[in-house]
Amino acid sequence: MTPEVQALPSDQTRLSGTAQDAIIVENLIFSYPGQARPAVDGVSFSVAHGEIFGLLGPSGAGKSTLQKLLTRQQRRFDGAVQILGKPLAAWGQDYFEAIGVGFELPNHYVKFTAIENLRFFASLYKRESRDPLELLALVGLEDAAHKKVETFSKGMRMRLNFVRAIQHDPEIVFLDEPTAGLDPVNARIVKRIIAELRRAGKTIVLTTHNMHDVDQLCDRVSFVVGGRFAVLDAPETLKAKYGRRTVRIMHGHDVVKTDEFPLDGLADDQRFNAILRSGAVRTLHSQEASLDQVFSDVTGTSLNLMEEAA
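The rules behind these values
Residues numbered from 1 in each chain as written. Predicted model: local features only at pLDDT ≥ 70, side-chain atom pairs only at ≥ 80, totals over all residues. Heavy atoms only, no water. Helix = DSSP H or I, 4+ residues; strand = E, 2+ residues; numbered from the N terminus. Contact = heavy atoms within 4.5 Å. Polar contact = N/O pair within 3.5 Å; in protein donor to acceptor, adjacent residues only side chain to side chain. Core = buried A, V, L, I, M, F, W, Y, C linked by side-chain atoms within 4.5 Å. Buried < 20%, exposed > 50% of the residue type's maximum accessible area, 1.4 Å probe, protein only. Expected span 1.5 Å × (residues − 1). pLDDT = per-residue confidence, 0-100. Phe/Tyr/Trp six-rings, centres within 6.5 Å; stacked < 30°, edge-to-face > 60°. Lys NZ or Arg CZ within 6 Å of the ring centre and 35° of its normal.

## Section: the environment of Thr203
Alright, step 1. With respect to the helices, strands and loops of the structure, Thr203 is situated in strand E8 (residues 203-208).
Alright, step 2. Separated by 22 residues in the primary sequence, Thr203 and Gly181 have C-alpha atoms spaced 24 Å apart.
Alright, step 3. Not counting the four nearest positions on each side in its chain, Thr203 is found in contact with Ala22, Val47, Ala48, His49, Gly50, Glu51, Glu171, Ile172 and Val173.
Alright, step 4. A polar atom in the side chain of Thr203 sits 3.5 Å from the backbone oxygen of Ala48.
Alright, step 5. A polar contact is formed between the side chain of Thr203 and the backbone nitrogen of Gly50, at a distance of 3.1 Å.

Set out below in structure tokens:
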């Protein structure tokens, strides 16, 4: 049974409203017609310029709805949202010059080639877009530049989808499951580009149920369950806070034993030191929590199960 998720205290959301915040969200509430419970239920947070902010949770948790609100795909909501120093409702069509969006399900003109797709979408922006061949080369699609998208695999469409989101050099990039359907090599390429965007000062909101992407990329992550944030912090901080500070040691000559010792005071633990001096140590490992373990501890749900069901 999943525990009741409480709204985060305001001191954990960093609602500073300063020039360092690209996104400020205060008490955001959204309900779909006919639904008794809000899909987004009183969420508050801020995202700094040049930060990768993760929304981690299962399907139906509210993370994709939150992204739709921030990208103005859904415009009716309660609460306050400020983007790049301006209320979201005050933005006009110029808002889409400032943001890039990579959807979970790629949507392309499949009768167009890859380069024709990029050139067409580039024509929708006033600002100059990056060279399409350069973008395709970034994700290994240069040889497919003049092939129709209808011949592309899902992974190729995902990569095209990704570079289309960044081609006009937006200040904020919203990415929904950017590595879904990619093999490990291409997933690594996409994650490297995301990290490079952050180094260039871009703000990135990453929506996913993939804990590995969050762990590798995000400066901070929120666990989204039932339309609320269960917890929000840096991945390393969460693992340190909820993890076990212990060391597990396997030892023995004939009969193998496993013991676990607290990290605190380990140097003075007489039994641990006796095992070390015995010459019978087989393995020695610190027990660091994974984000999956942290998510499970906080919400009562395993991210591994989410990935299998996704």
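The structure having been displayed, the exposition proceeds.
## What about the nonpolar core?
Alright, step 1. Ranked by size, the top nonpolar core spans 44 residues in total, and within it Leu136, Leu160, Phe162, Ile194 and Phe223 carry the most contacts.
Alright, step 2. It is helix H6 (residues 184-199) that provides the largest number of residues to this core, a total of six residues.
Alright, step 3. If we ignore the near neighbours within four places in the chain, the residues touching Phe223 are Leu56, Arg228, Phe229, Ala230, Val231, Leu238, Leu291, Val294, Phe295 and Val298.
Alright, step 4. Ile23, Ala39, Ile83 and Phe229 belong to the second largest nonpolar core, which has 30 residues in total.

## Details of helix H5 (residues 154-166)
Owing to its 3.6 residues per turn, the α-helix aligns residues three or four sequence positions apart on the same side.
Alright, step 1. Here H5 spans 19 Å end to end across 13 residues, near enough to the 18 Å set by a 1.5 Å rise per residue.
Alright, step 2. Counted residue by residue, H5 has ten buried out of 13 residues, so it is predominantly covered.
Alright, step 3. The elements touched by buried residues of H5 are strand E6 (99-102), helix H3 (114-122), helix H4 (132-138), strand E7 (172-176) and H6.

## Things to note about the confidence of the model for the chain
Alright, step 1. Residue-level pLDDT values for the chain average 89, and 91% of them are 70 or greater.
Alright, step 2. Contacts for the low-pLDDT stretch residues 1-16, under 50 throughout, to residues beyond four places or in other chains number 37 contacts.
Alright, step 3. Taken as a whole, residues 305-310 scores under 50 in pLDDT and shows nine contacts with residues more than four places along the chain or in a different chain.

## Points about the packing of aromatic side chains
Alright, step 1. According to the stated counting rule, one finds twelve aromatic pairs in the structure shown.
Alright, step 2. With centroids separated by 5.4 Å and ring planes inclined at 35°, the aromatic side chains of Tyr109 and Phe112 adopt a geometry described as tilted.
Alright, step 3. Judged by its relative accessible area of 31%, Phe112 is partly exposed.
Alright, step 4. Joined through ring pairs, the aromatic side chains of Tyr109, Phe112, Phe120 and Phe121 make up one cluster.
Alright, step 5. Looking at Arg164, its charged tip hangs above the ring of Phe121, at a distance of 4.1 Å from the centre.

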